[in-house]
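Survey of secondary and tertiary structure
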Amino acid sequence: MAKGQKKIKRYNRIYGGRSALSKVMGVVLTVVVLAGLACLGWALYEPVSQFLSGTMQIPEDEPPQESLSEAQTSVPEQPPEEEPPVVVLELSQVRGAYLPLSTLQDPLLLSQTLDALKEQGINAILIDGKNAQGQVLYQSANQTVAEVSAQVPDAVDLKQVTTLAKAKDMIVIARIYAFRDPICPLINKKAAVKYQDTEMLWLDNSKEYGGKSWLNPYSELAQMYIADLSLECIRSGCTAVMLDGVQFPSGYSLELAGYGVQTKTRQRVLSDFVQDMEELLQENDGVLLYSSSSTAMLGMESASYEAGGLDYPIQNFCPDLRPASFTKELRPESLTMEDPQAQPYETVKAVLALLQEKGEEKSFLPILQADGAAASAPEYSKAQIQALKECGVTGYILHNAQGEYTLS
C-alpha cells in the first residue's frame, strides 16, 4: 500500500447493518439540508434580483477583499492522517501450548503451570474463548452471549488471565469457533441455517442422534457476533485470535440446508469474512490466526470449506497437524503409512510439505499432538518439532486436552 494512502476498511461489511439508527439519521440529515437550501434560496432572491435588473448598490466604504492566495496561506495546513501501526506477531518465535478451562479457573494452578511451561521454553498459551459447542468460557459483556445463555457458569476473568501471562512474558491466543455453534442459533434464529429456507432450524443430524444447529455464514448477525467476541478478547489483553470453525455445516442432509438470499459464492463469503476479520483485528492491535484441519486447507473437504483456506487473502495459518487427525477415510495421498499416529515425524513432514506447496507465501503456526499415552512422551513432541524445522518452520502450538506437557 502506498504511503499516505487511506486504508479501505472492508470489515464494514460485517458491521454495516448493526442498527437502524444510521438510516434514521440519514433521513433527518436530508430534511435539514433541504430546509437549509430553501432558506438560502429565499435569502439570495433579493440581491440576485437586484443584480439582474442592474439596481444593486455596492457600498463605497467596503473594505478590500482578501486575495485568494492570501486566504489560502492563512488556512492552517492539516497534517496527513496517520494509519495505526500494523501489529506483527512473529509466528516463527511462538512456542505455544493449549490450556483447558480447568487450569484457567484456578489462579494459583495457572501461575504454577505458566512457570513450568516457561521453564520448558513455552512463551504462549492457547485458550478457548468460544468452543465448538458454542460456549463462551470467559466473562463476557456481550449482549448476545447473555441473551442466548452461552457463557459457562464458571467463566474466567480473561483480563486476569492475560495480565498474569504478560507478567511472565507470555502471550495469550484466544480460539474462537465461528459458525460451528449449536447454542446461538437456538435463540438468535435470524442468524441460523434454516431447513430449506423455512423458519425451521436445520440440524446436521436427527434429534435422536444429537443433531445440532449452525450459524449461517451468510448472516450479518452471525458475522457480527463472532467479530464482537474476537474484539472483546483482544481488548481484554489477548495478542491474537485463532479463528476456527469458519465453514459451512458438515453432517447429513446438507442439500436441505438453506442460507437465505445468496449474493456471493460460498468461497467468496468465507474469504471476505476472514479478510475483514484480519483487518478489523489489526485496527485494534490484534492478530488473526486462521485454523482448520489440514485436509480442509488443502481443499479436500469441499462440502464445507469449498476450495480451502489457503486461497484466502490472509497471512497467518494454524493447520491441525496432529497425526491422530488423519483417518483412513480422509488423508492426503502422500500419507501411505498404515497408522499416521505411530509415525509422527513422517506424518507432520509430509503434510506440511503439501501445505507449503499450495500456500507458498503463507505463514504457518502448526498445531501438534501431545495427547494420548504415546504422544504425551517428550520424544513424540520432539519428533514433530524436528519435522517442522526441516521444513523451515520453527513456531508451533502443542495440544494436550488436560494441559499437561513434558518436553524434557
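The notes below deal with the structure included here. (Residues numbered from 1 in each chain as written. Predicted model: local features only at pLDDT ≥ 70, side-chain atom pairs only at ≥ 80, totals over all residues. Heavy atoms only, no water.)

**Structural notes on the side chain of Gln 223**
- Relative to the assigned elements, Gln 223 resides in helix H9 (residues 220-235).
- When its relative accessible area of 9% is taken as the criterion, Gln 223 is described as buried.
- Here the side chain of Gln 223 touches Pro 217 through a polar contact of 2.9 Å, landing on its backbone oxygen.
- If near-sequence neighbours (up to four positions away) are discounted, Gln 223 is found in contact with Ile 14, Phe 179, Pro 217, Val 269 and Phe 273. (Helix = DSSP H or I, 4+ residues; strand = E, 2+ residues; numbered from the N terminus. Buried < 20%, exposed > 50% of the residue type's maximum accessible area, 1.4 Å probe, protein only. Polar contact = N/O pair within 3.5 Å; in protein donor to acceptor, adjacent residues only side chain to side chain. Contact = heavy atoms within 4.5 Å.)

**Some remarks on the nonpolar core**
- Core analysis: the largest hydrophobic core is formed by 105 residues, its most contacted members being Phe 179, Tyr 225, Val 246, Phe 273, Leu 289, Tyr 290 and Leu 355.
- By residue number, the principal contributor to this core is H9, which donates nine residues.
- Discounting chain neighbours no more than four positions away, the residues touching Leu 289 are Leu 91, Ile 173, Ala 240, Val 241, Met 242, Leu 243, Asn 316, Cys 318 and Leu 365. (Core = buried A, V, L, I, M, F, W, Y, C linked by side-chain atoms within 4.5 Å.)

**Observations concerning helix H10 (residues 266-283)**
- If you check H10, its first and last C-alpha atoms are 26 Å apart, about what 18 residues at 1.5 Å a residue would give, namely 26 Å.
- Taken across its 18 residues, H10 has 15 buried, putting it largely inside the fold.
- Looking one or two places after H10, you find Asp 285, whose phi comes out positive at around 60°. (Expected span 1.5 Å × (residues − 1).)

**Section: the side chain of Gln 267**
- Within the fold, Gln 267 resides in helix H10.
- A polar atom in the side chain of Gln 267 sits 3.4 Å from the backbone oxygen of Gly 308.
- The residues contacting Gln 267, other than those within four sequence positions of it, are Tyr 305, Glu 306, Ala 307, Gly 308, Asp 311 and Tyr 312.

**Quick notes on helix H5 (residues 107-119)**
- Counted at 1.5 Å a residue, the expected span for H5 with its 13 residues is 18 Å, and the 19 Å between its end C-alpha atoms agrees.
- What H5 keeps buried is the set Leu 110, Ser 111, Thr 113, Leu 114 and Leu 117. Taken down its axis, H5 places every buried residue within 165° of arc, on the same side. Turned more than 90 degrees off the buried face of H5, the exposed positions are Leu 108 and Glu 119.
- Of the surrounding secondary structure, the elements contacted by the buried residues of H5 are strand S1 (95-98), helix H4 (101-104), strand S2 (124-130) and helix H7 (158-167). (Arc of directions from axis to C-beta.)

**Points about the state of the cysteines**
- Inspection of every chain in the model, using the stated rule, returns zero disulfides.
- Note on Cys 238: no disulfide assigned, nearest cysteine sulfur contributed by Cys 233 at a separation of 5.0 Å.
- Judged by relative accessible area, which is 3%, Cys 238 ranks as buried. (Disulfide = S-S within 2.5 Å.)

**Section: the packing of aromatic side chains**
- Inspection of the entire model under this criterion finds seven aromatic pairs.
- With 6.2 Å between their ring centres and 50° between their planes, Tyr 218 and Tyr 259 make a pair best called tilted. Separated by 41 residues along the polypeptide, Tyr 218 in the loop between strand S6 (194-195) and H9 and Tyr 259 in the loop between strand S8 (257-258) and H10 bring together distant segments of the chain.
- You can call Tyr 259 buried: its relative accessible area is 7%.
- Taking the centre distance of 5.7 Å and the plane angle of 70° together, the rings of Tyr 290 and Phe 317 count as edge-to-face. Taken together, the residues span a long stretch of sequence, with Tyr 290 in strand S9 (residues 287-293) and Phe 317 in strand S10 (residues 316-320) at a distance of 27 residues. With respect to class, Tyr 290 is no different from Phe 317; both count as buried.
- Ring pairing ties together the aromatic residues Tyr 290, Tyr 312, Phe 317 and Phe 364, which thus form one cluster.
- It is Arg 266 that lies over the ring of Phe 248; its NZ or CZ is 4.6 Å from the centre. (Phe/Tyr/Trp six-rings, centres within 6.5 Å; stacked < 30°, edge-to-face > 60°. Lys NZ or Arg CZ within 6 Å of the ring centre and 35° of its normal.)

**A look at the packing of H9 against H10**
- Between H9 and H10, whose axes approach to 11 Å, the crossing angle comes to 25°. If you check the angle between H9 and H10, you find them roughly parallel. In this structure, H9 crosses over H10, and the sense of that crossing is right-handed. Of H10, the residues touching H9 (which contributes Gln 223, Ile 226, Ala 227, Ser 230, Leu 231 and Ile 234) are Val 269, Phe 273, Met 277, Leu 280 and Leu 281.
- Classifying every residue of the contact of H9 with H10 by side-chain character gives nine nonpolar, two polar and no charged. (Axes fitted to C-alpha atoms, helices over the stretch in contact; angles between N-to-C directions. Parallel < 35°, antiparallel > 145°, perpendicular 65-115°, else oblique. Left-handed = near helix turned anticlockwise from the far one by under 90°. Nonpolar A, V, L, I, M, F, W, Y, C, P; charged D, E, K, R; others polar.)

**Some remarks on the pattern of salt bridges**
- As enumerated under the stated definition, the model contains nine salt bridges in all.
- The partner of Asp 181 in a salt bridge is Lys 130, and the shortest N-O contact between them spans 2.9 Å. Of the two residues, Asp 181 is situated in the loop between strand S5 (171-177) and helix H8 (184-187) and Lys 130 in strand S2; the sequence distance between them amounts to 51 residues. Across this residue pair, the class does not change: Asp 181 and Lys 130 are buried.
- In this structure, Arg 322 and Asp 320 form a salt bridge, with 2.8 Å as the shortest nitrogen-oxygen distance.
- According to the relative accessible area criterion, Arg 322 is partly exposed, its value standing at 22%.
- Given a relative accessible area of 14%, Asp 320 falls into the buried group.
- Several salt bridges converge on common partners, so that one network encompasses Lys 264, Arg 268 and Asp 272. (Salt bridge = Lys/Arg side-chain N within 4 Å of Asp/Glu carboxyl O.)

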